[in-house]
Amino acid sequence: MDVGFFLRDRIAFIRQFYDAASSPFLERKRKIEAREDPFVPPYSEDGEPPFVTEWIEADESLQILGYSCISMLAAALHLYLMTWVVELGVPVGDSFNAEFKKGWINGYRAYFSTRFGIQFENSPADGSLLEEIALARNRIQHPDHIATQRPDYSASDLAKLPRVFFISETERGLFSDLNAAQIAWVFPPSVHITRETLIAAIEEVEKFAAWLEEQISERVP
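Residues numbered from 1 in each chain as written. Predicted model: local features only at pLDDT ≥ 70, side-chain atom pairs only at ≥ 80, totals over all residues. Heavy atoms only, no water.

## Quick look at the packing of aromatic side chains
When we look at a pair of aromatic rings, we describe it by the centre distance and by the angle of the planes.
Alright, step 1. Inspection of the entire model under this criterion finds 12 aromatic pairs.
Alright, step 2. Seen in terms of ring centroids, F5 and F6 are 5.1 Å apart; in terms of plane orientation they differ by 80 degrees. Their pairing is edge-to-face.
Alright, step 3. Accessibility expressed as a relative area gives 42% for F5, which makes it partly exposed.
Alright, step 4. Since its relative accessible area comes to 45%, F6 is described here as partly exposed.
Alright, step 5. Each ring, one from Y111 and one from F112, has its centre 5.1 Å from the other, and the planes form 90 degrees; the classification is edge-to-face. Both residues of the pair, Y111 and F112, belong to the buried class.
Alright, step 6. Three or more aromatic residues joined by ring pairs form one cluster here, namely F96, Y111, F112, F116, F120, F208 and W211. (Phe/Tyr/Trp six-rings, centres within 6.5 Å; stacked < 30°, edge-to-face > 60°. Buried < 20%, exposed > 50% of the residue type's maximum accessible area, 1.4 Å probe, protein only.)

Below, the structure is given as structure tokens:
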């Protein structure tokens, strides 16, 4: 099986899905900000910006779309590694259970290192970002609070990450001088996905997959 082909096919779908699905929400925000029909503000002296609810709904819809795409990207990477294990014909086995309990990326890192001498740390891809893709997916699928659409990173997530990538520029500025422990104590940052961060994550997955396939072709008969 051409495992890489199917990963690239899934990634191509994610790219086009985000761009197609985000268009109406971006256009709604643009029209509100430009005061275009049907968002021409009525005369008012109360000082409140018009159509705030509609703008927030569009903005949150973009976040939910981003969450869906990051979740699909995490699933694609997970399936990619799982499928390579099947194709290589060397089962993971129970000996890696402890590593997998720390996260599936960590488990596959140990598996490929032990079985084939392939060190994920030598990949040109950003390993921390690959890890965060998986962590973000977990927070998205298992949020802690019903009162908001936006999941927060947990303290354990922050402890695993040297920096947080999927975060808004506003929160990045607030937390720029704090370490992970202080961030968790002061205010847990929300998972925030933009087109730019989604594409950056996709490119790191593509970079990692291309490297892994080269390693496999060199080391596996």
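## Some words on the pattern of salt bridges
Alright, step 1. What the rule picks out here adds up to 11 salt bridges.
Alright, step 2. For the salt bridge of R30 with E27, the shortest nitrogen-to-oxygen distance reads 2.8 Å. One end of the pair, R30, and the other, E27, are both in helix α1 (residues 3–34), 3 residues apart, so they sit about a helical turn from each other.
Alright, step 3. Exposure remark for E27: the relative accessible area of 32% places this residue in the partly exposed category.
Alright, step 4. Because the salt bridges share partners, they merge into one network encompassing E27, R30 and E36. (Salt bridge = Lys/Arg side-chain N within 4 Å of Asp/Glu carboxyl O. Helix = DSSP H or I, 4+ residues; strand = E, 2+ residues; numbered from the N terminus.)

## Things to note about α1
Alright, step 1. The end-to-end C-alpha distance of α1, which contains 32 residues, comes to 46 Å, matching closely the 46 Å that a straight helix rising 1.5 Å per residue would cover.
Alright, step 2. Along α1, the positions that sit buried rather than exposed are V3, G4, L7, I11, I14, Y18, S22, K29 and I32.
Alright, step 3. Close packing links the buried residues of α1 with α2 (52–88) and α9 (195–219).
Alright, step 4. Immediately beyond the C-terminal end of α1, within one or two residues, lies R35, with a positive phi of roughly 60 degrees. (Expected span 1.5 Å × (residues − 1). Contact = heavy atoms within 4.5 Å.)

## Points about the environment of L77
Alright, step 1. Topologically, L77 is positioned in helix α2.
Alright, step 2. The exposure class assigned to L77 is buried, which follows from its relative accessible area of 2%.
Alright, step 3. Separated by 131 residues in the primary sequence, L77 and F208 place their C-alpha atoms 9.7 Å from one another.

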